[in-house]
Amino acid sequence: MHRHARYIFPAPAFLVVGLIIVYPVFYTAWMSLQEWFASSLTPPKFIGMLNYRKILTGDPRFTDAFFRTIYFTVIAVTIETTLGVGMAVLFNREFWGKGLVRTLSILPMMATPTAISLIFVMMYHPTLGVMNYLLTVVGLPAWSWTYSSKTALYAIALVDVWEWTPLITLIALAGLAALPKEPYESAKIDGASAFQCFYLITLPLLRPTLVVAILFRAIDALKTFDIIFVMTQGGPSNASETINILLFNQAFSYFNMGYASSMAVALFAIILGICLILMKVRRVGW
Amino acid sequence: MVANKQFRQFARTAGFYGLVILVMLPTVFVFFWMITLSLKPQVEAAGYPPSFFRFTVTFRGYVEVFAKHPFLLYIWNSLVVAAGTTLLGLIVGLPAAYSIAQWKQQKLALTILVARIIPGISYLIPWYILFRNIRMVDTYTALILTHLVVGLPITIWVMIGFFEDIPPDLREAALIDGCTDYGAFWRVAIPLVKPGVVATAILAFIFSWNNFLFSVILAGRNTRTLPIAVFNMIGYEEINWGPLAAAATLITLPVIILTLIIQRHIVTGLTFGAVKG
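Residues numbered from 1 in each chain as written. Chains lettered and ligands numbered in written order. Predicted model: local features only at pLDDT ≥ 70, side-chain atom pairs only at ≥ 80, totals over all residues.

Student: Tell me about the overall build of chain A, and please be specific about residues and values.
Tutor: Scanning chain A from N- to C-terminus turns up 13 helices and 2 strands. Each principal axis of the C-alpha atoms in chain A carries an extent, and together these give about 75 × 70 × 35 Å. Expressed as a percentage of its 286 residues, the buried residues of chain A come to 43%. In chain A, once contacts between residues fewer than 6 apart in sequence are set aside, the share between residues at least 24 apart is 69%. (Helix = DSSP H or I, 4+ residues; strand = E, 2+ residues; numbered from the N terminus. Buried ≥ 20, exposed ≤ 12 C-beta atoms within 10 Å, placed from the backbone. Contact = placed C-beta atoms within 7 Å.)

Student: Provide a residue-level description of the overall build of chain B, including the pertinent values.
Tutor: When you go through chain B residue by residue, the secondary structure sums to 14 helices and 0 strands. When its helices and strands are written in sequence order, chain B yields α-α-α-α-α-α-α-α-α-α-α-α-α-α. Taken along its principal axes, the extent of the C-alpha atoms in chain B is 75 × 70 × 30 Å. When the 277 residues of chain B are sorted by exposure, 46% land in the buried category. If you take every contact in chain B between residues at least 6 apart in sequence, the share linking residues at least 24 apart comes to 78%.

Student: Pulling in residues and values, what's your account of the packing of helix α3 (residues 60-68) of chain B against helix α13 (residues 241-261) of chain B?
Tutor: The description of two packed helices rests on the angle between their axes and on the distance between the axes. Residues and elements named next belong to chain B. Viewed as axis vectors pointing N to C, α3 and α13 meet at an angle of 80 degrees, and their least axial separation amounts to 8 Å. By the angle class used here, α3 and α13 are roughly perpendicular. On α13, the residues touching R60, G61, Y62, E64 and V65 of α3 are G242, P243, A245, A246, A247 and L250. A breakdown of the residues in the contact of α3 with α13 according to their chemical character gives 7 nonpolar, 2 polar and 2 charged. (Axes fitted to C-alpha atoms, helices over the stretch in contact; angles between N-to-C directions. Parallel < 35°, antiparallel > 145°, perpendicular 65-115°, else oblique. Nonpolar A, V, L, I, M, F, W, Y, C, P; charged D, E, K, R; others polar.)

Student: Before we move on, can you summarise the interface of chain A and chain B with the specific residues and values?
Tutor: Where interface size is given, it is often the accessible area lost as the parts come together that is meant. On the chain B side, the residues contacting the 69 residues of chain A number 73 residues. No other element matches helix α2 (residues 11-31) of chain A, which puts 11 residues into the side of chain A that touches chain B. Classifying every residue of the side of chain A that touches chain B gives 57 nonpolar, 9 polar and 3 charged.

Student: Give me the packing of helix α5 (residues 98-110) of chain A against α13 of chain B: which residues, what numbers.
Tutor: Running from N to C, α5 of chain A and α13 of chain B cross one another at 135 degrees; their axes reach a closest spacing of 10 Å. Regarding the angle of α5 of chain A to α13 of chain B, the classification is oblique. Seen along the crossing, α5 of chain A lies across α13 of chain B with a hand that is right-handed. Between α5 of chain A, through T103, I106, L107 and M110 of chain A, and α13 of chain B, the contact on the second element is made entirely by V255, I256, T259 and L260 of chain B. (Left-handed = near helix turned anticlockwise from the far one by under 90°.)

Student: I'd like to hear about the domain arrangement of chain B, residue by residue, with values.
Tutor: Residue and element names in this part refer to chain B. Partitioning chain B into structural domains gives domain 1 (2-60) and domain 2 (62-270). Computed over C-alpha atoms, the centres of domain 1 and domain 2 are 34 Å apart. Taken together, the contact between domain 1 and domain 2 spans 11 residues of the former and 11 residues of the latter. Elements represented by at least two residues in the side of domain 1 that touches domain 2 include exactly α1 (2-38) and α2 (42-45). When residues in the side of domain 1 that touches domain 2 are grouped by element, the largest group, 4 residues, is from α1. Looking at the side of domain 1 that touches domain 2 residue by residue, the classes come out as 7 nonpolar, 2 polar and 2 charged. (Domains from an automatic or database assignment.)

Okay, structure coming up:
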């Protein structure tokens, strides 16, 4: 027992991981080389790399979904990072109510995304929704939110921003609390402005923390599913159809399992690629 | 002069708090809107212009949710699946986390981290085919096993941190006193990380409770969980917003209460792997 404990303790977990994570992943990779409609009685047919060739060259809908996914991620994560760091700088002091602010910040991240999307569907309603009412109150023209193909992706990104800006804020806040005090003191003596302090000291020192935060957000934003599916299901007229939504419909509306699997592999490759880029950024300077 | 200085100080504090309230307003407003909408009668819920503070309070929305839909069944389903996932996650996850922390099995930890990057759908396609073939779609087992894809990695990763905080001398002392490795784990380590176990269990529970993607495919008539039920209600209720908001409130409320209990550990849970990955 003594010598074997280190193998026995993690064994059940790795058995389960093997069954529920590793096996499906390899199955999907294998399925991506086949042509198979789960709705038909014909067995899977091995077609090699044909699914991938279709993804890369012969499917404009996938190409659109690819750029849309990247666009959505870049917009959402950029806004979240900017707002998040701004709020962290604002909250980075002792003040009455800081605990309450922290508590409130956690709630959007944990609240059930389906329920939140549902509330936004109601708030976004073009004629009866509270959002357009608020816009008209401040004198802005009404917007079409998720109800027009021109604005749907932005309206969904706004929900993502609402949910996840607090994560960047909290991570950045923890990072700010760990920064050394000396550089600021000497900068003050040298007569640096508050903006210079932020731009030349805070941001560079905070960078490693921020890159990790951005990495986490980027991974999840690329995989965004719940809020899009509940609010628009990819519409109107495919305007919010990201890779995840397209692939879900291929798999579970058309039962085109082989092709959907190859898209799943492609999505994984994209996420992995972006992870690697961000991890490189972490090491190299700006 | 003094009055002027005091006034400037006051203005700065007021400005600061004004800004804090302004940036927190959207967060609060969505929850405020959800709850007030759920308490409004139909005419006022979908009335224009919307009323913010002056409206008739009614619980008809909540009554309708339970009257028109088998909502108690959905709540029960969500509870069973989330509790099952949490329990199973702890049973296999705790020893694994202990082992990784104790014997520095970093490679094992990294393997689990990869699971976070892989898109959920790449698990779902094989799971769906498998469960369809063995006629297990629409069973608790299928839902619990798939929810573990999220629950188990989070259990292991969050618990590694807690186990690493235990001084190594304690285990050695226990072993010298004649404890087996099993005893050192169960009687020494576990009591020390009890708060961590509670936090981890709640995290795993919430993630299963919120899960939409796996349940929308694998839950059927008998095992439909709350997020799927609410999603289906959107088409059914049209702009009957009172019951919709009531359903949304009913799902979110338990999550909010649980979140408040473990708020210190939420960010750790959401960014697992950040420190050691």
